[in-house]
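# Survey of secondary and tertiary structure
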Amino acid sequence: MNKPRRALCGRELYAVQPGCRAFLETDRGQLMTSKVVRILYRSTKQVVIEIENSIYDITLTGESEPERAAV
């Protein structure tokens, strides 16, 4: 299945983890995704995640570190 790709600018509100939803603050407002299947790429400037139905290319903005997810 070829999943659609979505490009966003923003920051992680909580660290993105496989098996959990991603919580993001974007240029379009806050976003909560469906469960993250896997993290395809991560750097200090970008994170690419695969969720159940699509792939998000997120250009990271802002200087704050994401909160650690509660376990």
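Everything in this summary refers to the structure shown in the same document. (Residues numbered from 1 in each chain as written. Predicted model: local features only at pLDDT ≥ 70, side-chain atom pairs only at ≥ 80, totals over all residues. Heavy atoms only, no water.)

### Quick word on the overall build of the chain
We count it as follows: A run of DSSP states H or I qualifies as a helix once it reaches four residues; a run of E qualifies as a strand once it reaches two. Both are numbered from the N-terminal end. For every residue, the accessible area (1.4 Å probe, protein chains only) is compared with the maximum for its type, and the residue is labelled buried under 20%, exposed over 50%, or partly exposed between those bounds. Contact between two residues is taken to exist if any of their heavy atoms lie within 4.5 Å; hydrogens are not considered.
Regarding its fold elements, the chain presents 0 helices and 5 strands. When its helices and strands are written in sequence order, the chain yields β-β-β-β-β. Within the span of the chain, comprising 71 residues, buried residues form 32% of the whole. Within the chain, counting contacts between residues at least 6 apart in sequence, those at least 24 apart form 35% of the total.

### Overview of the environment of Arg21
Here is the rule: Polar contacts, as counted here, are pairs of nitrogen or oxygen atoms within 3.5 Å of one another; within protein the pair requires one atom able to donate a hydrogen and one able to accept it, and residues that are adjacent in sequence qualify only if both atoms are side-chain atoms.
Note that Arg21 resides in strand 2 (residues 21-26). Put simply, Arg21 and Val37 are 16 residues apart on the chain and 9.4 Å apart in space, counted from C-alpha to C-alpha. When sequence neighbours within four positions are dropped, the list of residues in contact with Arg21 reads Met32, Thr33, Ser34, Lys35 and Val36. Engagement of the side chain of Arg21 in a polar contact is seen with the backbone oxygen of Thr33, the distance being 3.3 Å.

### Description of the nonpolar core
As a rule of thumb, soluble globular proteins bury nonpolar side chains together. The criterion, for reference: Nine residue types can take part in a nonpolar core, namely buried Ala, Val, Leu, Ile, Met, Phe, Trp, Tyr and Cys, and a core is a set of them joined through side-chain atoms within 4.5 Å.
In this structure, Leu8, Val16, Ala22, Leu24, Val36, Val47, Ile49, Ile51, Tyr56, Ile58 and Leu60 together form the largest nonpolar core, which totals 11 residues. Elements with a minimum of two residues in this core: strand 2, strand 4 (46-51) and strand 5 (55-60). Apart from residues no more than four positions distant in its own chain, Leu8 is found in contact with Leu24, Thr26, Arg28, Leu31, Tyr56, Asp57, Ile58 and Thr59.

### Digging into the pairing of strand 3 (residues 29-42)
Rules: Note: two strands are recorded as paired if DSSP finds a minimum of 2 bridges between them.
In this structure, strand 2 lies alongside strand 3, joined through 5 bridges in antiparallel fashion. Looking at strand 3, one finds that Thr26 is bridged to Gly29. If you look at the hairpin formed by strand 2 and strand 3, you'll find 2 residues sitting between the two strands. Count of turn residues in the strand 3/strand 4 antiparallel hairpin: 3 residues.

### Focus on the pairing of strand 5
A large share of strand 5 lies buried, amounting to 5 of its 6 residues. Bridge count between strand 4 and strand 5: 5 bridges; the pairing is antiparallel. The partner of Gln46 across the bridge, within strand 5, is Thr59. Connecting strand 4 to the next strand, strand 5, in antiparallel fashion are 3 residues.

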